[in-house]
Amino acid sequence: MFQCSNILIDDIITVELGLMTSSLSPDSGGEVIYKLEGPGVDQEPKNLFEIDDKTGVIRSKRPLDREKYNSFTLKAFALSPSGERLENPTTIEIMVLDQNDNRPAFTQRQFVGTVAEFSIPGTSVMSVSATDADDPNTENAALSYFILGQESIPANAITKTMFGINNLTGAIYTRDVGLDREVVHGFRLKLQVADMGGMGLTSEGEAIIHVSDINNHAPQFSPDKNRRENEIGRVNVSDRDDPGTRNWGAEYSITNNPEGHFAIYTDFATNQGVLAVVKPLDYETQKEHTLILTVKNLSPLSNKAPNVPLSTATVLISVVNENEAPHFIDDPIKIVALESVLPGTLLIGNIAFDPDNSALRYEIIRDPERWLDINRQTGDIVVKRALNMRSPHVRNNIYNAAVKVTDSEGVSVTAIVAITLKETNDFPPLLLPLSGSVCSSGSSRHGLILTALDEDNHPHAEPFDFKIPTDLSINWTLIQINGTHVMLQPLVELDVGDYAVTVLVTDSGSPALSSYAQVNVTVCVCDSFGDCNSKAGVVLKSSVGISFIALIIIMTCVAFLLFLLLLAVAMTACGRRHHIKKDTGLLVGESEDDIRDNVFNYDEQGGGEEDENAFSIDLLWNPHDTPSYPGTLPLGSGFPRSKQPLRKDAPHNLPSPTYPRRPPADPTDIEDYINDGLEAADNDPNVPPYDTALIYDFEGDGSVAGSLSSIATGSSDGDQDYDYLNDWGPRFQKLANMYDPR
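Residues numbered from 1 in each chain as written. Predicted model: local features only at pLDDT ≥ 70, side-chain atom pairs only at ≥ 80, totals over all residues. Heavy atoms only, no water.

Novice: Give me the lowdown on the overall build of the chain, citing residues and values where you can.
Specialist: Counting its secondary structure elements, the chain contains 4 helices and 40 strands. A buried classification covers 31% of the 742 residues belonging to the chain. For the chain, contacts bridging at least 24 residues in sequence account for 63% of all contacts bridging at least 6. About 47,500 Å² of surface is accessible on the chain, with carbon and sulfur atoms providing 53% of the total. (Helix = DSSP H or I, 4+ residues; strand = E, 2+ residues; numbered from the N terminus. Buried < 20%, exposed > 50% of the residue type's maximum accessible area, 1.4 Å probe, protein only. Contact = heavy atoms within 4.5 Å. Areas by Shrake-Rupley, 256 points an atom, 1.4 Å probe, with all protein chains shown as cover.)

Novice: I'd like a rundown of the nonpolar core, residues and numbers included.
Specialist: Judged by nonpolar contacts, the single largest core of 26 residues is most densely connected at Phe328, Ile333, Leu347, Ile351, Val403, Val417 and Ile419. Going through the elements one at a time, β24 (333-338), β28 (372-374), β29 (381-383), β31 (398-406) and β32 (412-422) are the ones with two or more residues in this core. Within the second largest apolar cluster, 23 residues are counted, among which are Ile158, Met162, Leu191 and Val193. (Core = buried A, V, L, I, M, F, W, Y, C linked by side-chain atoms within 4.5 Å.)

Novice: Give me the state of the cysteines: which residues, what numbers.
Specialist: Enumeration over the complete set of coordinates arrives at 1 disulfide. A sulfur-sulfur distance of 1.8 Å marks the disulfide that ties Cys439 to Cys526. With the S-S bond torsion at -100°, the cross-link from Cys439 to Cys526 turns out left-handed. Taken together, the residues span a long stretch of sequence, with Cys439 in strand β34 (residues 435-439) and Cys526 in the loop between β40 (514-524) and α1 (535-541) at a distance of 87 residues. Exposure class is identical for Cys439 and Cys526. Each is buried. (Disulfide = S-S within 2.5 Å.)

Novice: Go over the sheet that holds strand β20 (residues 272-277) with me, naming the residues and quoting the values.
Specialist: Taken in spatial order, the 3 strands line up as β17-β20-β19 in an open sheet, and their pairing is antiparallel. The open sheet has two edge strands with one neighbour each: β17 (231-235) and β19 (262-267). Taken over all neighbouring pairs, the strand axes of this sheet differ in orientation by 25° on average, direction set aside. Inspection of the sheet shows β17 paired to β20 by 4 bridges, in the antiparallel sense. Pairing of Val235 across the sheet is with Gly273, part of β20. (Pairing = 2+ DSSP bridges. Axes fitted to C-alpha atoms, helices over the stretch in contact; angles between N-to-C directions.)

Novice: Just give me the short version of the sheet that holds β40, but keep the residues and values in it.
Specialist: Note: strands within a sheet are paired through backbone hydrogen bonds, in either parallel or antiparallel orientation. Overall, mixed pairing links the 4 strands, which are arranged β34-β40-β39-β36 in an open sheet. Both edges of this open sheet fall to β34 and β36 (465-467), since each of them pairs with a single strand only. Strand after strand, the sheet turns through a mean of 35° between neighbouring axes, direction not considered. Sheet topology note: the β36/strand β39 (residues 497-506) ladder contains 3 bridges and is antiparallel. When the bridges of β39 are listed, Asp465 appears paired with Thr506.

Novice: Describe unusual backbone geometry, with residues and values.
Specialist: Omega for the peptide link from Ile153 to Pro154 comes to 0°, which places this bond in the cis form. Position of Pro154 relative to the elements: it lies in the loop between β12 (144-153) and β13 (163-165). A cis amide bond, omega 10°, links Asp331 with the succeeding residue Pro332. Within the fold, Pro332 resides in the loop between β23 (327-328) and β24. For Asn271, which is not a glycine, the phi torsion comes out positive at approximately 65°.

Novice: Talk me through helix α3 (residues 670-682); I want residue IDs and the actual numbers.
Specialist: With 13 residues, α3 extends 18 Å from end C-alpha to end C-alpha; this agrees with the ideal 18 Å at 1.5 Å per step. All of the buried residues along α3 are Tyr673, Gly677 and Ala680. Down the axis of α3, the sector holding all buried residues measures 65°, keeping them to one side. Away from its buried face by more than 90 degrees, α3 exposes Glu671 and Ile674. (Expected span 1.5 Å × (residues − 1). Arc of directions from axis to C-beta.)

Novice: Mind laying out the environment of His261, listing which residues take part and the relevant values?
Specialist: Within the secondary structure layout, His261 lies in the loop between β18 (250-254) and β19. In the structure, His261 is positioned 18 residues away from Lys279 in sequence and 4.4 Å away in space, judged by C-alpha atoms. Contacts of His261, omitting those with residues within four sequence positions, involve Ala276, Val277, Val278, Lys279, Pro280, Leu281 and His289. Here the side chain of His261 touches Pro280 through a polar contact of 3.2 Å, landing on its backbone oxygen. (Polar contact = N/O pair within 3.5 Å; in protein donor to acceptor, adjacent residues only side chain to side chain.)

Novice: Pulling in residues and values, what's your account of a negative patch on the surface?
Specialist: Taken together, Glu671, Asp672, Asp676 and Glu679 make up a surface patch of like negative charges. With respect to the helices and strands, Asp672 occurs in helix α3. (Patch = residues over 30% accessible without salt bridge, like charges linked within 9 Å, V, L, I, M, F, W, Y side chains within 5 Å. Salt bridge = Lys/Arg side-chain N within 4 Å of Asp/Glu carboxyl O. Lys, Arg positive; Asp, Glu negative; His and termini not counted. Charge placed at Lys NZ, Arg CZ, Asp CG, Glu CD.)

Novice: Give a description of the side chain of Thr294 that names residues and reports values.
Specialist: When you line up the elements, Thr294 lands in strand β21 (residues 288-297). There is a polar contact of 2.5 Å between the side chain of Thr294 and the side chain of Ser253. Every residue in contact with Thr294, bar those within four places of it in the chain, is listed here: Glu251, Tyr252, Ser253, Thr255, Ser311 and Thr312.

Novice: Describe the pattern of salt bridges, with residues and values.
Specialist: Per the counting criterion, the structure on display carries 9 salt bridges. The salt bridge involving Glu423 is made with Arg390; its shortest N-O contact spans 3.3 Å. Separated by 33 residues along the polypeptide, Glu423 in the loop between β32 and β33 (430-432) and Arg390 in the loop between β29 and β30 (394-395) bring together distant segments of the chain. Each member of the salt-bridge network shares a partner with another, and the members are Glu151, Arg188 and Glu206.

This is the structure we're talking about:
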């Protein structure tokens, strides 16, 4: 039986692994031969291990590399000299232990990162990484990161340590303040990575960190630099005094330079006079300039020198023409306009000129609301569309646009057009709410608060003026609260009920605009808190407008009139039923009215999408009844007028719009006819709101017209005279031919 089955070995080295023994078989005579098979012996990789066939000692023949093969599984056999297996083979696991034989390596030759200037300490900049081929589960692959050195770009711009690194993760961060891109543009860091927690093998790398700019400087106008560098020429002098002394040095001046366009100074190295332009020249104003120059020494001339006048020189300067850019007369171009200015109105003209007198082309390059138009030749700016102060592009009542002007050679300049809009009184004030309730007690603390709103701005809005027409002012009054609110109160004790009060609201604009509003006020009995009681409470706690006896009399009169009306209708129906002339046929009654085509069209009112029952009502129609106006039901039709709910979104008792009277003759105009009727109904303040069902009461059966079923009588055709059908016109000609006895 084998004594060894698991072996641990370090990689790279050659060692004796172990000893294998086996109990002898009785037939072997005590001699055992050991054999070894598997990867590393007779399989790839071959020749890594061997076994002593007599002693069973296993040895490595060559250095092992764990990074290539970290374990081997072998089979060992015990054989007799005759080759017979003495025992079953055993499995031997050889584990190759890791040694720190691999240096860590950075994943990049150079890492590049960026950090914003003036970043605070602790700001993350970048991360570096490295790998190690050793066993990651051992200290041989435990990596630590370090910064060995720092170099600023440009060199020595900053010497203090600005960056740190996380030893475990490799994250680089800022350690100190003072990152100013105007001082330093970047840093070069020398990095190191080491295994075994920083105590093992090492490698070095590099990181470049760029300092990015932030907008930490607002733009500032700079003063004009000295124009002495605009040199246009030099003049020479000769002096036999000792060069380099004040006796040799020259001092120049210009005697005729009234506009101050030129200056002259001395080049002390050569003693030359340098002539320069210090003020812009204008070719269109003056094409040539003649200058007279004088020169003298820095030191006063000795009295022993010859008495000679100062040396002078004349210099002729020619100005070369150069195309100059056009100039705006004003930049920005400021315009003040009323909000209500009409399209086509001229806002401003003559906005630019060209020093070279070349033709100019104008165009608008920025106009977000497309309000403006410009004449491309003259530059006149006109209003293209109506202005609106409520545009999101109008800030502080100023609308900004931009215009560009270009000369004939393509040189262009731009300017801002700042239009200051003045408010105009465009909208009349509106009154809210249009309905409410007040207490009938008339106390000064009870009333309906009304508010006026105006889409215009100051000074065309508040304060508002509130008035009640003279005929209503005897019962109602308005108490001003402030410039936008009033309280509506009754002046006298009013009965409980609904009232319509007309209020006139006028704004403070110039000219002032006003509007009438009808306020629907419900006068009710209030409790101690000023709240209206329920309807039941009103009936119980208030006195009715008429006495109970008067109410009974009125109801009795109404019932009597209804009885007389029903009696008259019944008698009329009976009389018509019994006075049909026998000799004139069943279709002809006593009425001489032509009953042909006597059909009236009635409009369907209310109902909407859900009013499906309105179309299932049987309409009892009498051709002898007098038709009512279109859109209403005829008298006696069996349908009383509907009880329409009170609209809260519109004043009461205002005139209704005109409804279309007849359908059009041309079917193609049906759509316009329906749309006209719909628009009139939508704007009618005296009809119910949209989709309000109208409920009709059923009055009973029967009609004064009688029944048409009398046509089917028991009399025979021979008893009838149908000659009158020939007199009824072409529509009854077919019927007349059918009953012609001939």
